[in-house]
Amino acid sequence: MTIADNIQRIQEAIEAACARAGRNPAEVTLIAVSKTHPAEVVLEAASFGLQHFGENRVEEAELKIPSVNARSNCPLTWHMVGHIQSRKARDVTSLFQQVHSVDTLKLASKLSGLCMEQGKQLRVLLEMNVSGEEAKYGFQATSWDTNHAVRDHLWREVEQILALPGIEVRGLMTMAPIVEQVEQARPVFTALARLCADLRQSFQIELPDLSMGMTDDYPVAVEEGATLVRIGRAIFGEREHK
Ligand SMILES: *Cc1c(COP(=O)(O)O)cnc(C)c1O
């Protein structure tokens, strides 16, 4: 299978999932997660029409993004999907147009300050831990719908983030747990979509984006409302362990 075949297959699977859910496929953007793959491979994917790419480590992106951008025929949008260490925040605002992994109020404030300093506007998503897995980044959002303390705390943090200049909160992101059956991931996606609807209602804001779904579970994520799917292996093949 070539990269072109893989992209075609994924686009068909997204269309099929949209048809099952009564959604318009134009609402779903495929983000090619190119971590561990060299600039040449990214350029190949871009030559088949992909315009959105995701990276999860600043150190790797620092070398790759300028090299790809310099050689690409059309402008690409770069999405940061991995955890960001505070000392790397400055590099993030200069390399990426969108950040999916804002996981603390502190990081949001830091990015806001940097954007103000650099006179730019950054699109961000708030990463939510809705599955309750401990080893996970993200705002604590497990059982926000039944636990008042969790909800109040989360709502207060979101309120402060929404007030920050320089960053535009576009929606929510989550990582589903690794499961044996893809259906087991569905409740996590449903929960993220419900949480997003609840926040829209409370704060009277749009929050158009839901970033959820990866190689093993994106059709289910699309059925549950994903607007951004982050796909690596299904496009580029298995990654070598680093
Ligand atoms: C690597 C990664 C992906 C893509 O994972 P695949 O299973 O290769 O599709 C998506 N999101 C994040 C945050 C990642 O780190």
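Residues numbered from 1 in each chain as written. Predicted model: local features only at pLDDT ≥ 70, side-chain atom pairs only at ≥ 80, totals over all residues. Heavy atoms only, no water.

Peer 1: Can you lay out the pairing of strand S2 (residues 52-55) for me, pointing to particular residues and giving the numbers?
Peer 2: Note on strand geometry: in a regular strand, side chains alternate between the two faces of the sheet. As defined by bridge partners, strand S1 (residues 29-33) adjoins S2 across 2 bridges and the pair is classed as parallel. Across the sheet, Ala-32 pairs through a bridge with Phe-53, a residue of S2. Where the polypeptide runs from S1 across helix H2 (residues 39-47) and back to S2, its parallel neighbour, the crossover connection is right-handed. In this sheet, strand S3 (residues 77-80) lies alongside S2 in parallel orientation, the contact comprising 4 bridges. By the bridge assignment, Phe-53 is partnered in S3 with Trp-78. Note on the crossover from S2 through helix H3 (residues 58-71) to S3: the handedness is right-handed. (Pairing = 2+ DSSP bridges. Helix = DSSP H or I, 4+ residues; strand = E, 2+ residues; numbered from the N terminus. Right-handed = clockwise from strand over helix to strand, strands pointing away.)

Peer 1: How would you explain the site of the ligand if you had to name every residue and give the values?
Peer 2: Around the ligand, the neighbouring residues are Val-33, Lys-35, Asn-56, Val-81, Met-175, Met-214, Thr-215, Arg-230, Ile-231, Gly-232, Arg-233 and Arg-239. At a separation of 2.7 Å, an oxygen atom of the ligand approaches a polar side-chain atom of Lys-35. In the environment of the ligand, an oxygen atom lies 2.8 Å from a nitrogen or oxygen atom belonging to the side chain of Arg-239. Along the lines of polarity and charge, the residues of the shell around the ligand split into 5 nonpolar, 3 polar and 4 charged. (Near = heavy atom within 4 Å. Polar contact = N/O pair within 3.5 Å; in protein donor to acceptor, adjacent residues only side chain to side chain. Nonpolar A, V, L, I, M, F, W, Y, C, P; charged D, E, K, R; others polar.)

Peer 1: So what about the environment of Leu-199? Which residues, and what values?
Peer 2: Relative to the helices and strands, Leu-199 is located in helix H7 (residues 186-203). We classify Leu-199 as buried; its relative accessible area is 1%. Sequence separation between Leu-199 and Glu-159 is 40 residues, and the spatial gap between their C-alpha atoms is 9.8 Å. (Buried < 20%, exposed > 50% of the residue type's maximum accessible area, 1.4 Å probe, protein only.)

Peer 1: Give a detailed account of the packing of H2 against H3, specifying residues and quantitative values.
Peer 2: Remark: H2 packs on H3, axes separated minimally by 9 Å, with the N-to-C direction vectors making an angle of 45°. Comparing the axis directions of H2 and H3 gives the class oblique. When you trace H2 past H3, the crossing you get is right-handed. Residues Ala-39, Glu-40, Val-42 and Leu-43 of H2 touch H3, and the partners they reach there are Lys-64, Ser-67, Val-68 and Arg-71. The residue inventory of the contact of H2 with H3, partitioned by class, reads 4 nonpolar, 1 polar and 3 charged. (Axes fitted to C-alpha atoms, helices over the stretch in contact; angles between N-to-C directions. Parallel < 35°, antiparallel > 145°, perpendicular 65-115°, else oblique. Left-handed = near helix turned anticlockwise from the far one by under 90°. Contact = heavy atoms within 4.5 Å.)

Peer 1: Quick one: what's the story with the pattern of salt bridges, residue by residue and with numbers?
Peer 2: Applying the stated criterion to the full structure yields 18 salt bridges. Among the ionic pairs, Arg-90 bridges to Glu-117, the shortest N-O distance being 3.0 Å. Here Glu-117 lies in helix H5 (residues 105-118) and Arg-90 lies in helix H4 (residues 89-95), a separation of 27 residues in the sequence. Arg-90 sits in the partly exposed class, given a relative accessible area of 43%. Several salt bridges share partner residues, and in doing so they unite Arg-20, Glu-183, Arg-186, Glu-223 and Glu-224 into one network. (Salt bridge = Lys/Arg side-chain N within 4 Å of Asp/Glu carboxyl O.)

Peer 1: Please provide a residue-by-residue account of H2, values included.
Peer 2: By the burial criterion, the buried members of H2 are Ala-39, Val-42, Leu-43, Ala-45 and Ala-46. Buried residues along H2 cover an arc of 160° about the axis, so they all sit on one side. For H2, the elements touching its buried residues are helix H1 (3-21), S2, H3, S3 and helix H9 (233-236). Trailing H2 by a residue or two, Gly-49 shows a phi angle of about 100°, which is positive. (Arc of directions from axis to C-beta.)

Taken by themselves, the reported measurements are silent on function.
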